[in-house]
Amino acid sequence: MPGDVLPERERPERPDGDPKSKRGKHRRPLKKKPLWQELLTLFAVALLLTFVIQHFIGRVYSIPSGSMEKTLHGCPGCTGDRVLVDKLTYAFTDPSPGDVVVFKGPNTWTENDIQAPPSGNVVTNALQSIGAVVGLAPPDERDFVKRVIAIGGQTVQCCDARMRVLVDGRPLNEPYVYWLNGKPDAQQRFDPVLVPEGTLWVMGDNRSDSCDSRCQGGGSIRGVVPIDNVIGKARFVVLPPSRWQGVGDHNPQGGIPFALGAPAWQQGLPAGVGLVAAWPMLWVGRRIRWVIRPPRGTRGDDPPVEHR
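Residues numbered from 1 in each chain as written. Predicted model: local features only at pLDDT ≥ 70, side-chain atom pairs only at ≥ 80, totals over all residues. Heavy atoms only, no water.

## Some remarks on the state of the cysteines
Stated formally: Any cysteine sulfur atom paired with another within 2.5 Å is treated as part of a disulfide. Partly exposed residues are those whose accessible area sits between 20% and 50% of the maximum for their type, while under 20% is buried and over 50% is exposed, using a 1.4 Å probe and protein chains only.
Applying the stated rule across the entire model yields two disulfides. Here C211 is linked by a disulfide to C215, with a sulfur-sulfur distance of 2.0 Å. Given a relative accessible area of 31%, C215 falls into the partly exposed group.

Structure, rendered in structure tokens:
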């Protein structure tokens, strides 16, 4: 009758080789893609991951000058520090006093810069543009690294009787400051500035050799940096190995309530996202191992595997 199940001995046998047969003795070997296709796929995935990581998670920047000595090392003719910049943190919170940030130079900082003319070679220009997008070539904008001293709504000035910077009339505690001659100089002085909302007042740790909000664009309001220009927060010195260390974010304003850092759950978000982002990298690593040494049974020249 329809729907009845035949006894085991009355079931029709399928011929050997039928993929549905339980008595088939061999499994068909999987067809392996050509090596060039595998390499092309891995290259495309690597470029995609590079783009995503560099633009949304983190990127390594070089320090070309000594304006952040001795927190960050950089000098003409020497190997400057390479720092890992976290791009996730400021997606959930704004920069706080004491943060060392990398930012795109505002128009007031770069309006007098002389830009190098682009290459006349169309192919070269295209390759440079693509390389800048994925982080394989320097970007076309000017990036700076400084420390946040004051945020929007605060009044910053210098100095008190001990040559300390003041924010809202209170002296800052700045153990990271470095003076070339061992003591403060006249460059530290500037008149009170009310930092506009949505902007930052930034200064270099090497106060004797840093053109920052005190002098860029002529100083005062023209020296502030819009928060929208901030690229990320400097977290670690990754090169050279002899200088592996974290980048401190000591809050110079001390216990001022509105200068508190992000809540603990926000501080943990970058690490969580980074953990999730590690899975694609693991997948790429496995694919590379598969291309170099495919598992037994997946190559055409491997002997068939007996199916029991």
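Picking up where we left off.
## Focus: the nonpolar core
As a rule of thumb, soluble globular proteins bury nonpolar side chains together. Applied cut-off: To qualify as a nonpolar core, a set must consist of buried Ala, Val, Leu, Ile, Met, Phe, Trp, Tyr and Cys residues joined through side-chain atoms within 4.5 Å. By the criteria applied, helices consist of DSSP H or I runs no shorter than four residues and strands consist of E runs no shorter than two, each listed in order from the N terminus. Contacts are residue-level and defined by heavy atoms, with any inter-residue pair within 4.5 Å sufficient.
Ranked by size, the top nonpolar core spans 18 residues in total, and within it I149, V156, V165, F190 and W201 carry the most contacts. Contributing elements (two or more residues each) for this core: β4 (143-151), β5 (155-158), β6 (165-167), β8 (190-194) and β9 (199-203). In this view, I149 contacts P97, V156, V165, V167, L172, E174, Y176, W201, V202, M203, R207 and Q253; residues no more than four positions away in its chain are not counted. By size, the runner-up hydrophobic cluster in this structure holds 13 residues, among which are V85, V145, A234 and V237.

## Notes on the sheet that holds β6
Worth spelling out the cut-off: Any two strands with at least two DSSP-identified bridges between them are counted as paired.
With antiparallel pairing, the four strands of this open sheet are ordered in space as β7-β6-β5-β8. The two strands at the open ends of the sheet, each matched to only one other strand, are β7 (170-171) and β8. Alignment of β5 against β8, held across three bridges, turns out to be antiparallel. Across the sheet, residue V156 finds its bridge partner in β8, namely V193.

## Focus on the pairing of strand β11 (residues 230-239)
Here five bridges tie strand β2 (residues 82-86) to β11, and the two strands are oriented antiparallel to one another. Residue R82 lies in a different strand from β11, and its bridge partner there is L239. As paired elements, strand β3 (residues 100-104) and β11 share three bridges and run antiparallel to each other. Paired with F103 across the two strands is V230, which belongs to β11. When β11 meets strand β12 (residues 245-246), the two strands line up antiparallel, connected through two bridges.

## Some remarks on the packing of aromatic side chains
Defined as follows: Here the aromatic set is Phe, Tyr and Trp, taking the six-membered ring for Trp, and pairing holds for ring centres within 6.5 Å; pairs whose planes are under 30 degrees apart are stacked, those over 60 apart are edge-to-face, and all others are tilted.
Scanning the model with the defined rule gives four aromatic pairs in all. For the pair F103 and F144, a centre-to-centre distance of 5.9 Å together with 20 degrees between the ring planes defines the contact as stacked. One end of the pair, F103, is in strand β3; the other, F144, is in strand β4, and 41 residues separate them in sequence. According to the relative accessible area criterion, F103 is buried, its value standing at 0%. Measuring from ring centre to ring centre gives 5.1 Å for W109 and F144, while their planes differ by 70 degrees; the resulting arrangement is edge-to-face. Of the two residues, W109 sits in helix α2 (residues 107-110) while F144 sits in strand β4, which places them 35 residues apart along the sequence. Among the residues examined, W109 registers a relative accessible area of 4% and is labelled buried. You can call F144 buried: its relative accessible area is 12%.

## Side note on the pairing of β4
Burial of β4 is extensive: eight of the nine residues sit out of reach of the surface. With five bridges joining them, β3 and β4 adopt antiparallel strand pairing. Within the sheet, the bridge partner assigned to V101 lies in β4 and is K146. Note: β4 against β9, four bridges, orientation antiparallel. Each residue of the ladder has a partner; that of R147, found in β9, is M203.

## What about the confidence of the model for the protein chain?
Do not read the predicted coordinates in detail wherever pLDDT is low. In plain terms, the rule: Known as pLDDT, the predictor's confidence for each residue is given on a scale from 0 to 100.
Model confidence for the protein chain is summarised by a mean pLDDT of 74, while 60% of its residues fall at 70 or above. Across residues 255-278 the pLDDT falls below 50, and counting only partners more than four positions away or on other chains, this stretch makes 21 contacts in the model. Low pLDDT, under 50, characterises residues 301-308; the stretch is placed with 14 contacts to residues that sit more than four places away or in other chains.

## Side note on the pattern of salt bridges
Rules: By definition here, a salt bridge exists when the distance from a side-chain nitrogen of Lys or Arg to a carboxyl oxygen of Asp or Glu is within 4 Å.
In the structure shown here, the tally under the stated rule is eight salt bridges. R235 serves as the salt-bridge partner of D86, at 3.1 Å between the closest nitrogen and oxygen. Of the two residues, D86 sits in strand β2 while R235 sits in strand β11, which places them 149 residues apart along the sequence. Overall, D86 belongs to the buried group, its relative accessible area being 9%.

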